[in-house]
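Chain by chain, the residues:
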Number of protein chains: 2
Amino acid sequence: MRKNLGRREKVLDLLYQAEGNYLSGEELSNKLGVSRTTIWKYIKYLREAGYHIDSSSKIGYRLITPADNLLPEEIKRNLNTDVIGQKIIYYKEIESTNDAAKKLAQSGLKEGTIVVSEEQKKGKGRLGREFCSPLGGIWISCILRPDIKPTLATRATYIASLAIVKTINKLSDVDANIKWPNDILVGDKKVSGILTEMGAELDRVDYLVVGMGINLNFTLDSFDKSLHNKVTTIYHETGKKISRVKFVQVLLEEIEAIYQKLNDFEDILEEWKEYSYTIGKKVQVESSKEKVSGTAIDIASDGALIVKVGNEIRKFYSGEVSLGHSNFSSGN
Amino acid sequence: MRKNLGRREKVLDLLYQAEGNYLSGEELSNKLGVSRTTIWKYIKYLREAGYHIDSSSKIGYRLITPADNLLPEEIKRNLNTDVIGQKIIYYKEIESTNDAAKKLAQSGLKEGTIVVSEEQKKGKGRLGREFCSPLGGIWISCILRPDIKPTLATRATYIASLAIVKTINKLSDVDANIKWPNDILVGDKKVSGILTEMGAELDRVDYLVVGMGINLNFTLDSFDKSLHNKVTTIYHETGKKISRVKFVQVLLEEIEAIYQKLNDFEDILEEWKEYSYTIGKKVQVESSKEKVSGTAIDIASDGALIVKVGNEIRKFYSGEVSLGHSNFSSGN
């Protein structure tokens, strides 16, 4: 898939295709129909973005080491989607990808638009909590515009959590699970979180912004010591770094595949349950009103957590869930 | 209440207080601690806004005829609220006050902030419909930030419709009623509509923007002929114009009073039902899925319309409601 690459952006693609061999400035210039100055400027931009590119005035340019950053042209080079990620807004750093995506959504940007940043300076978790987002992780927000009522917006969190857990399990050696409603765990430690926000009329969603944070290629040093028993990173768990570009590509492809089943939510839920860390466990659910203990027995078709509290069956639509005696509500 | 008027804005207030007598530039300048140039610039601004102000180089300025526009300083001069309308963003014309208010809410503006425009160029009704908003009407959006879940956001529409109907009935001779969920009628014709939009996480509202449009001091000529049996204006009904400033002041005061009862929604609903045009009538409710006929018998405590369909009692949370054989769903 080479669609939607700008002429200038094809430079990177051609360098990859040359597989370490030199491409002359003239050749690039002719192939793309842009000036050699444009080529040179783009090479400079790539170098600043961390690519090692050798150049020789006689023989041209060759790519020695790619940078594992999330430039749109990197993500789109081998992205196999029709909608999700077909437009990518990239930041080296930003306060919050969700805030940026909400603004873009409000200004009319299309479904599938992605905001990605190498790091977030004010990453947000649910209820305004801080979300640690250093270099090496995946911090990405996706604009969706489903034709649904606001009450069904929670489905987006199911789609994202399922897509993330499948991507992690596909690309790493860990066995990740989902803690209802929106955390991804490795063992009993959080490795990813989701923050879904919406703009809506009372009757219909205008846009959803699904923010996803994945602790990928960095160590626990980024977290406060007090959180080390609650959070982890894929790198900490496996000792291996994963291509961040590849991770985003697979993630976007998973999102697109699952999102197509939005109106068959039972199907999504069935698959989701296979990864549930919560069902079958003793839980404490804490809402603004109360705190109850029981056993999580299922997820209802409307996305509620079904908990057996004493002899009573109760449904919860939100709230902090603690499993056993550990509390996962804080941290990241 | 003279709170929150800027120094410059007190010029208008002092002109009113002088009751048609002259105030010298020097006196104004001394009283407000601003230069005479600043005074002069503000007089110029008021004249451009439609005020007739007489000036004489020897004796100063006097207000001959006020302009019935919605300048913030006009609205705030005698506004008896603590929160609602304490900040007012004013436009002579704008595409949509709701769109502007949403942007302001997202950038963090406080609860109670009002966006008001003399006219809207792209006024919006529910589901993206056009909303005719000419000069002479009231086009206003209010930012609220209640600490509630998105599922309760519908309460804002009840608050606004109750506030509007009470304001209309207080200031004019008509007997307005509310057609569920969000239209105000005089007789069987629409005189006002409400569009509530929200920004939210799945668990909590970030902001609500309650857009209110009231057909006040203009004729039916602004509407397409095909709508003349469906819409009306207060001026058309009574032949009298109402002070738009007064209307907005009373409206904001009503909103504040009712909004304070947000968590005692049953109380709001009880009062709301006194103005209901829908309850007790034969209705057709049309949703995306179906169209049913029955009799509207009540509003449930969660805001749903309760309809007796044959022998069945059903609840509707949204949808187009037609009364008898007329259909009010289109137009404004």
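Residues numbered from 1 in each chain as written. Chains lettered and ligands numbered in written order. Predicted model: local features only at pLDDT ≥ 70, side-chain atom pairs only at ≥ 80, totals over all residues. Heavy atoms only, no water.

Colleague: Lay out the relation of the copies chain A and chain B with the relevant residues and their values.
Modeller: Laying chain A over chain B is done by rotating through 180 degrees and shifting 0.1 Å along the axis; what remains is an RMSD of 0.1 Å. The symmetry that links the two subunits is that of a two-fold axis. Of the C-alpha atoms belonging to chain A, the one lying closest to the rotation axis is found on Gly-199 of chain A, 2.3 Å away. The fraction of interface residues of chain A whose copies in chain B are also interface residues reaches 100%, indicating that both copies meet through the same surface. (Least-squares fit on C-alpha atoms with pLDDT ≥ 70 in both. Contact = heavy atoms within 4.5 Å.)

Colleague: Which residues make up the domain arrangement of chain A, and what values go with them?
Modeller: Residue and element names in this part refer to chain A. Each domain of chain A was delimited in the assignment, giving domain 1 (10-65), domain 2 (72-274) and domain 3 (282-323). Between domain 1 and domain 2, the C-alpha centre-to-centre distance is 33 Å. At the junction of the two partners, domain 1 supplies seven residues and domain 2 supplies four residues. Summing the contributions of domain 1 and of domain 2, the shared interface buries around 520 Å²; its carbon and sulfur component is 40%. The three residues of domain 1 that bury the most area against domain 2 are Leu-12, Asp-13 and Tyr-16, which together make up 52% of that side's buried surface. For the pair domain 1 and domain 2, the interface holds one salt bridge. Among the ionic pairs, Arg-77 bridges to Asp-13, the shortest N-O distance being 2.7 Å. Summed over the shared surface of domain 1 and domain 2, the number is four residue pairs in polar contact (both at pLDDT 80 or more). Of the residues in the side of domain 1 that touches domain 2, the class split is five nonpolar, no polar and two charged. (Domains from an automatic or database assignment. Buried area = accessible area lost by both parts, 1.4 Å probe. Salt bridge = Lys/Arg side-chain N within 4 Å of Asp/Glu carboxyl O. Polar contact = N/O pair within 3.5 Å; in protein donor to acceptor, adjacent residues only side chain to side chain. Nonpolar A, V, L, I, M, F, W, Y, C, P; charged D, E, K, R; others polar.)

Colleague: For the UniProt feature "DNA-binding region" (unreviewed entry) in chain A, give the residues involved together with the corresponding values.
Modeller: The sites that carry the UniProt feature "DNA-binding region" (unreviewed entry) are, in the present numbering, residues 25-44 of chain A. Taken end to end, residues 25-44 of chain A is 85% helix and 0% strand, and its first and last C-alpha atoms sit 13 Å apart. (UniProt positions renumbered as here; feature names shortened; annotations may be inferred. Helix = DSSP H or I, 4+ residues; strand = E, 2+ residues; numbered from the N terminus.)

Colleague: So what's going on with the interface of chain A and chain B? Which residues, and what values?
Modeller: The partner chain B presents 27 residues to the 27 residues of chain A that form the contact. Across the chain A/chain B interface, buried area totals approximately 2000 Å², and carbon plus sulfur atoms make up 50% of it. Taken together, chain A and chain B are joined by two salt bridges. Close ionic contact of Asp-203 of chain B with Arg-126 of chain A constitutes a salt bridge, the shortest N to O distance being 2.7 Å. Our count for the contact surface shared by chain A and chain B stands at six residue pairs in polar contact (both at pLDDT 80 or more).

Colleague: A description of the pairing of strand β14 (residues 320-323) of chain B should follow, citing residues and the corresponding values.
Modeller: Residue and element names in this part refer to chain B. By the alternation rule, side chains of β14 split into Glu-320 and Ser-322 and Val-321 and Leu-323, which are all buried. Sheet analysis places strand β10 (residues 282-286) next to β14, joined by four bridges and oriented antiparallel. Across the sheet, Glu-286 pairs through a bridge with Glu-320, a residue of β14. (Buried < 20%, exposed > 50% of the residue type's maximum accessible area, 1.4 Å probe, protein only. Pairing = 2+ DSSP bridges.)

Colleague: Talk me through the UniProt feature "binding site: biotin" (unreviewed entry) in chain A; I want residue IDs and the actual numbers.
Modeller: Residue and element names in this part refer to chain A. According to UniProt, the positions carrying the feature "binding site: biotin" (unreviewed entry) are Ser-96, Thr-97, Asn-98, Gln-120 and Lys-190. Note on placement: Thr-97 falls in helix α5 (residues 97-106). Given the relative accessible area of 3%, Thr-97 is considered buried. Here Thr-97 is in contact with Val-115, Val-116, Ser-117, Gln-120, Trp-139, Ile-140 and Ser-141, once residues within four sequence places are set aside. Along the chain, Gln-120 falls in strand β4 (residues 114-120). Overall, the relative accessible area of 11% leaves Gln-120 in the buried class.

Colleague: Lay out helix α6 (residues 155-171) of chain A in plain terms, naming residues and giving numbers.
Modeller: Taking 1.5 Å of rise per residue, the 17 residues of α6 of chain A would be expected to cover 24 Å, and the 24 Å separating its terminal C-alpha atoms lies within 8% of that figure. Extensive coverage of α6 of chain A is indicated by the burial of 14 of its 17 residues. (Expected span 1.5 Å × (residues − 1).)

Colleague: Please give an account of the packing of helix α1 (residues 10-17) of chain A against helix α2 (residues 25-32) of chain A that cites residues and values.
Modeller: For any two helices packed against each other, one specifies the crossing angle of their axes together with the interaxial distance. All names here are of chain A. The interhelical angle for the contact between α1 and α2, taken along N-to-C directions, is 125 degrees, at an axis separation of 11 Å. When the axis of α1 is compared with that of α2, the two are oblique. Crossing geometry of α1 relative to α2 is assigned as right-handed. Counting all contacts with α1, which are made through Lys-10, Val-11 and Leu-14, the residues of α2 involved are Leu-28, Lys-31 and Leu-32. The residue makeup of the contact of α1 with α2, split by class, is four nonpolar, no polar and two charged. (Axes fitted to C-alpha atoms, helices over the stretch in contact; angles between N-to-C directions. Parallel < 35°, antiparallel > 145°, perpendicular 65-115°, else oblique. Left-handed = near helix turned anticlockwise from the far one by under 90°.)

Colleague: Outline the packing of helix α6 (residues 155-171) of chain B against helix α8 (residues 244-259) of chain B, supporting the account with residue identities and numerical values.
Modeller: Residues and elements named next belong to chain B. Packing of α6 against α8 leaves a shortest axis separation of 9 Å and a crossing angle of 135 degrees. With respect to each other, α6 and α8 are oriented oblique. Of the two elements, α6 crosses α8, and the hand of that crossing is right-handed. Each of Ile-159, Leu-162, Ala-163, Ile-164, Lys-166, Thr-167, Ile-168, Lys-170 and Leu-171 in α6 lies in contact with α8, whose residues at this interface are Lys-246, Phe-247, Val-250, Leu-251, Glu-254, Ile-255, Ile-258 and Tyr-259. Classifying every residue of the contact of α6 with α8 by side-chain character gives twelve nonpolar, one polar and four charged.

Colleague: Tell me what's going on with the pattern of salt bridges, and back it up with residues and numbers.
Modeller: Throughout the structure, instances matching the rule amount to 54 salt bridges over all chains. Here Lys-179 of chain A makes a salt bridge to Asp-183 of chain A, at a shortest N to O gap of 3.8 Å. Each member of the pair Lys-179 of chain A and Asp-183 of chain A is classed as buried. The residue Glu-286 of chain B makes a salt bridge to Lys-291 of chain B at a minimum N-O spacing of 3.9 Å. Using a relative accessible area of 53% as the deciding quantity, one classes Lys-291 of chain B as exposed. Put simply, Lys-166, Lys-170, Glu-254, Lys-261 and Glu-271 of chain A are held in one network by salt bridges that share partners.

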